[in-house]
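# Structure at a glance
Chain by chain, the residues:
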Amino acid sequence: MKTSLEVEYWVVDTDGDLVAPETLLDVSPGVDPEFVEPMLEIKTTPCESMPELREELLGRIERVADAARRQDKRLVPLATPLSASPAEVPYRETAATDLQRRIVGPTFDDARVCAGTHLHIEQSSVADQLNALTAIDPAFALVTSASHYRGERIHQCARPFLYRRSCYGPCPEQGQLRPYVDSVAEWERRLEADYETFRERALERGVDPARFDDAFDPYEAAWNPVRLRKAMPTVEWRSPDAALPSQVLRLASEVRSVVARADANGTVVDDGSGSRTASDAIVDSNAADEPLRLPAFDTVESVTDAAIRDGLEGTGVRHYLRGLGFTPADYDPLADRMPDGRLTDREARRLRLRAANRLEADLERRRVRAP
């Protein structure tokens, strides 16, 4: 299955203040502006293998990071800027952004302090792929990179809380994790229903129907953790934070393996009737040429909540992820290195620069290993 990645990074100056990327957008293919000014996105083409994906992603990040240093700028792999308020993170004004602000309401401002990673996998057995990505959702805890918002520690995994629970709280169908499906047709029926609900909300808020229809379609008016992309076409997992390149690639490889097993063998949702835990059952099913057994959706939601609150230390999170085939001990989430208390703006700037140092050191280790 061809696989691609999109990683968002903050851009700061040598003092750690957020700045616009400007000409950094021109130094490599696959570098795009994001919907807020001090952020850019680095994305790959669809790659046939993980080695190909690794080389392309790291090469593009290296080019941007090197150009940034020449311009007295740095790339910061954090899920939030830690202390900045939404007002300090200006939008790149577009019609779609303006409409979202009007439709969702004031909480939409929380989206502009969130930087994440998106994994795209080529469509094959689509319903099984969607269900596998839904089950692995708590794996965002493996690479969580920020626990703070406006200087306050809010949760171990701040970004999924801000994005899902706060930003899209008024429109949960557009931003929350959605249940398993039996077919693509079921997914599309639900997508259409959610789109109509979103459109009705827009019209109630005075949005011109023609303007709404021009900006959104059912596939592009959904910002859920798991999405079906029609234009690409891929299944997309949007849950992970911005993180160090090596950690992003490790996670992508493990997720791709889970989805490949689901694609090859199909999936079945565990009904909890046996004596084993759901994750134990998954380990057993992965060892044989049998359908991949997934936990009940209620279990997924429960573990996701624990992961948002406490990361890998959340109740049952490590066991759940090991059951799905992940190796939590191989990860080193940047959020674990953050202080627990309130951050001043000065401390946040220092931590942004420290994260930029770690990103550059991560890239340097690749250079040293290269032949």
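Residues numbered from 1 in each chain as written. Predicted model: local features only at pLDDT ≥ 70, side-chain atom pairs only at ≥ 80, totals over all residues. Heavy atoms only, no water.

Glancing now at the packing of helix α4 (residues 158-167) against helix α10 (residues 297-310). α10 packs onto α4 with a crossing angle of 125° between their chain directions and a minimal axis gap of 8 Å. In this view, α4 runs oblique relative to α10, as classed from their interaxial angle. When α4 is examined against α10, the residues P160, F161, R164 and R165 are found in contact with a partner set consisting of T304, D305 and I308. Among the residues forming the contact of α4 with α10, the class breakdown is three nonpolar, one polar and three charged. (Axes fitted to C-alpha atoms, helices over the stretch in contact; angles between N-to-C directions. Helix = DSSP H or I, 4+ residues; strand = E, 2+ residues; numbered from the N terminus. Parallel < 35°, antiparallel > 145°, perpendicular 65-115°, else oblique. Contact = heavy atoms within 4.5 Å. Nonpolar A, V, L, I, M, F, W, Y, C, P; charged D, E, K, R; others polar.)

So, about the packing of aromatic side chains. Counted under the stated rule, the structure contains 12 aromatic pairs. Between Y180 and F297 the ring centres are 6.0 Å apart and the planes differ by 70°, which places this aromatic pair in the edge-to-face class. Of this pair, Y180 sits in the loop between α5 (172-175) and α6 (184-204) while F297 is found in helix α10, placing the two residues 117 residues apart along the sequence. Like F297, Y180 is buried. Ring geometry for F212 against F216: centres 5.2 Å apart, planes inclined by 55°, an arrangement best described as tilted. (Phe/Tyr/Trp six-rings, centres within 6.5 Å; stacked < 30°, edge-to-face > 60°. Buried < 20%, exposed > 50% of the residue type's maximum accessible area, 1.4 Å probe, protein only.)

Here we come to the side chain of Q156. Relative to the helices and strands, Q156 resides in the loop between β7 (152-153) and α4. We classify Q156 as buried; its relative accessible area is 10%.

Looking now at unusual backbone geometry. In this model, D72 sits at a positive phi of 60°, which is unusual for a non-glycine residue. In this model, L82 sits at a positive phi of 80°, which is unusual for a non-glycine residue. Assignment of secondary structure puts L82 in the loop between β4 (73-76) and α2 (95-104). On the accessibility criterion, L82 (1% relative accessible area) is buried.

For a regular strand, side-chain orientation follows a simple rule: the groups alternate between the two sheet faces. Of the two faces of strand β8 (residues 226-229), both are covered, the one formed by V226 and L228 as well as the one formed by R227 and R229. Where β8 and strand β9 (residues 234-237) come together, four bridges link them in antiparallel fashion. Along β9, the bridge assignment pairs L228 with V235. The loop that links β8 with its antiparallel partner β9 comprises four residues. (Pairing = 2+ DSSP bridges.)

Bringing the packing of helix α1 (residues 50-70) against helix α8 (residues 245-265) into the picture now. Taken N-terminus to C-terminus, the directions of α1 and α8 make an angle of 155°; their axes are 11 Å apart at the nearest point. Considering their axes alone, α1 and α8 lie roughly antiparallel with respect to each other. Of the two elements, α1 crosses α8, and the hand of that crossing is right-handed. Touching M50, L53, R54, L57, L58 and I61 of α1 are P245, L249, A252, S253 and R256, all from α8. Class assignment of the residues belonging to the contact of α1 with α8 gives a composition of eight nonpolar, one polar and two charged. (Left-handed = near helix turned anticlockwise from the far one by under 90°.)

In this section: α10. One full turn of an α-helix is made of 3.6 residues, so residues set three or four places apart face in the same direction. In a regular helix each residue adds 1.5 Å, so 14 residues correspond to 20 Å; α10 covers 20 Å between its end C-alpha atoms and thus fits that length. Three or more residues of α10 are buried, namely F297, V300, V303, T304, A306, A307 and I308. Immediately beyond the C-terminal end of α10, within one or two residues, lies G311, with a positive phi of roughly 65°. (Expected span 1.5 Å × (residues − 1).)

What follows deals with the pattern of salt bridges. According to the stated counting rule, one finds 27 salt bridges in the structure shown. The salt bridge involving D17 is made with R349; its shortest N-O contact spans 3.9 Å. Remark: R349 occurs in helix α12 (residues 345-369) and D17 occurs in the loop between β1 (3-13) and β2 (31-33); sequence separation between them is 332 residues. The exposure class assigned to D17 is partly exposed, which follows from its relative accessible area of 31%. Of the residues examined, R349 reaches a relative accessible area of 27% and is grouped as partly exposed. Measuring nitrogen to oxygen at the nearest pair gives 3.8 Å for the salt bridge that ties R250 to D330. Taken together, the residues span a long stretch of sequence, with R250 in helix α8 and D330 in the loop between α11 (317-323) and α12 at a distance of 80 residues. Owing to a relative accessible area of 36%, R250 belongs among the partly exposed residues under this scheme. Accessibility expressed as a relative area gives 37% for D330, which makes it partly exposed. (Salt bridge = Lys/Arg side-chain N within 4 Å of Asp/Glu carboxyl O.)

Taken as a whole, this structure holds zero disulfides when the rule is applied. Cysteine C171 shares no disulfide, and the gap to the nearest cysteine sulfur, in C167, comes to 8.5 Å. (Disulfide = S-S within 2.5 Å.)

With that out of the way, let us pick up the side chain of T267. In this fold, T267 is placed in strand β10 (residues 267-269). A polar contact is formed between the side chain of T267 and the side chain of D128, at a distance of 2.7 Å. (Polar contact = N/O pair within 3.5 Å; in protein donor to acceptor, adjacent residues only side chain to side chain.)

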